[in-house]
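So the chains spell out like this:
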Amino acid sequence: MENYDLIIKNGTIVTADATEKGDIAVKNGKIVEVSVGKPIEATAGQEIDAEGLHVFPGVIDSHVHFNEPGRTEWEGLETGSRSLAAGGATSFFDMPLNSTPPTVDKANLDIKRKLAEEKSIVNPYYWGGLVPENLADLKGLHEGGVIGFKAFMSPSGIDDFHNVDDETIYKGMREIASLGSLLAVHAESTVMCEQLAEERIGQGKVSARDYVESRPVISEIEAVRRILSYAELTGCKLHIVHASSRKVVEVINDAKQRGVDITVETCPHYLSLTVKDLEEQGVIAKCAPPLRDQDEVEDLWTAVANGEIDTIGSDHSPAPASMKVISDNIFDGWGGISGAQSMLNILLTEGHFKRNLPLEKIVELTATNPAKIFGLKTKGTIAADYDADLTLVDLNESFELKKEDLFYRHQHSPYVGRTFKGNVKTTIVGGNVVFENGQPIQK
Ligand SMILES: [Zn+2]
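Going by what an unreviewed UniProt entry lists, the protein chain is known as Allantoinase and is assigned to Sporosarcina koreensis. For the record of the protein chain, the UniProt heading Subunit (unreviewed entry) holds the text "Homotetramer." According to the UniProt record, the Catalytic activity (unreviewed entry) comment for the protein chain reads "(S)-allantoin + H2O = allantoate + H(+)".

J.: What should I look at first to understand the domain arrangement of the protein chain in this one?
T.: When the parts of a complex come together, some accessible area is lost, and that lost area is often taken as the interface size. Taken domain by domain, the protein chain consists of domain 1 (3–55 + 386–396 + 419–440) and domain 2 (58–373). Taking only C-alpha atoms into account, the centre of domain 1 sits 30 Å from that of domain 2. Each partner contributes to the interface: domain 1 provides 23 residues, whereas domain 2 provides 25 residues. Taking both partners together, domain 1 and domain 2 bury about 1800 Å²; carbon and sulfur atoms supply 65% of that area. Contact with domain 2 buries surface across domain 1, with Ala16, Phe420 and Lys421 losing the most and accounting together for 27% of the total. The tally of links from domain 1 across to domain 2 stands at zero salt bridges. Connecting domain 1 to domain 2 are seven residue pairs in polar contact (both at pLDDT 80 or more). Examining the composition of the side of domain 1 that touches domain 2, we find that eight residues originate from one element, strand 15 (residues 419–429), more than from any other. Taken together, the residues that form the side of domain 1 that touches domain 2 break down as 13 nonpolar, seven polar and three charged.

J.: Can you walk me through the UniProt feature "modified residue: N6-carboxylysine" (unreviewed entry) in the protein chain in this structure?
T.: UniProt's feature table lists "modified residue: N6-carboxylysine" (unreviewed entry) at Lys150, given in the numbering used throughout. Mapped onto the elements of the fold, lysine 150 is located in strand 9 (residues 148–152).

Cut-offs used in this document
Residues numbered from 1 in each chain as written. Predicted model: local features only at pLDDT ≥ 70, side-chain atom pairs only at ≥ 80, totals over all residues. Heavy atoms only, no water. UniProt positions renumbered as here; feature names shortened; annotations may be inferred. Domains from an automatic or database assignment. Contact = heavy atoms within 4.5 Å. Buried area = accessible area lost by both parts, 1.4 Å probe. Salt bridge = Lys/Arg side-chain N within 4 Å of Asp/Glu carboxyl O. Polar contact = N/O pair within 3.5 Å; in protein donor to acceptor, adjacent residues only side chain to side chain. Helix = DSSP H or I, 4+ residues; strand = E, 2+ residues; numbered from the N terminus. Nonpolar A, V, L, I, M, F, W, Y, C, P; charged D, E, K, R; others polar.

Quick look at the structure:
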């Protein structure tokens, strides 16, 4: 009889293909056996009874800003990773900016990696930056193991991470294509956003609606069309992050039809918050691209259901409360939503329970697709030989999100006060429990 490290018994196992009741056996951090319909008869160091629970592949959050090193008063790898574990995520891809130094060369990547390996309770991965100053460093970053590169087409708001001009886009994409990597872009038009903001601020029009109108959907579309031209010219694989509207997604899908190697992400906030939330909550709900109106939210859900979206990432982008104070001028104050802990909750509550989105689809968007697109060959599903990164969820349990439940460095989030259906009970990374009984396990 086999002796395993861990057996999860009687859970309802969800993958991108099916939802079936069964047992999962784990040894040395890997899933070694998945048995549907017949129990695994073996001994194990640890047994978890998952009767009544759903077992998901751990969420891979491909878009977070943890700000470490250098700006840990904003977040940090320890608090950030604890929040992810509490939300059912087992891996994250940290963006190259907001940390100081930013991840724009191999030496800076090594600094971040060392800290993450020390502090993170979930699996860390890293985006490398593409900025006008670092074309010579892309190869080193790639060889250092970044999962891809990230560039901003409009100002990032961070002084040490410049947005790319068209020449950098061209040269960078040529290089990234030759490395066999991919480029993720924040696609908004600098000229459109700056002109529209300037006009409004000049007239003293600084409400939530003014901010949203200063960053219209057409500005995203303009930037996506331009970067698409360079993708077609250079053959560089492209990933558009945080599309806020199905109209943006449509441009991307047209390109897919033409054979362009492109994928698109949206975020939980574009699927669950509107301009009204920005009006009510102020800077706490400020982000770029901005929140849209309810019809855009519904259209985006249609895109999700139709398979037009490839990944969902939280774009967790926290800041200290002092930068989030409600002022009369929404243009002031840091843009960025704290949401990493709530991503799965939002998809279950707003997607599965409210709009009948299949659980399999949620797995596809949060685990299977990110693993596939970014080359994590042993992650993203529940099957033998895959890493034992698992999330146990009670789909019958509802809870109201309280400030005190947040494990972020700063306990603010536009989702505080919301009632979610589906509660994460246990999170397992490489066969080890990292979250249970409402608490992350100290590393
Ligand atoms: Zn971001």
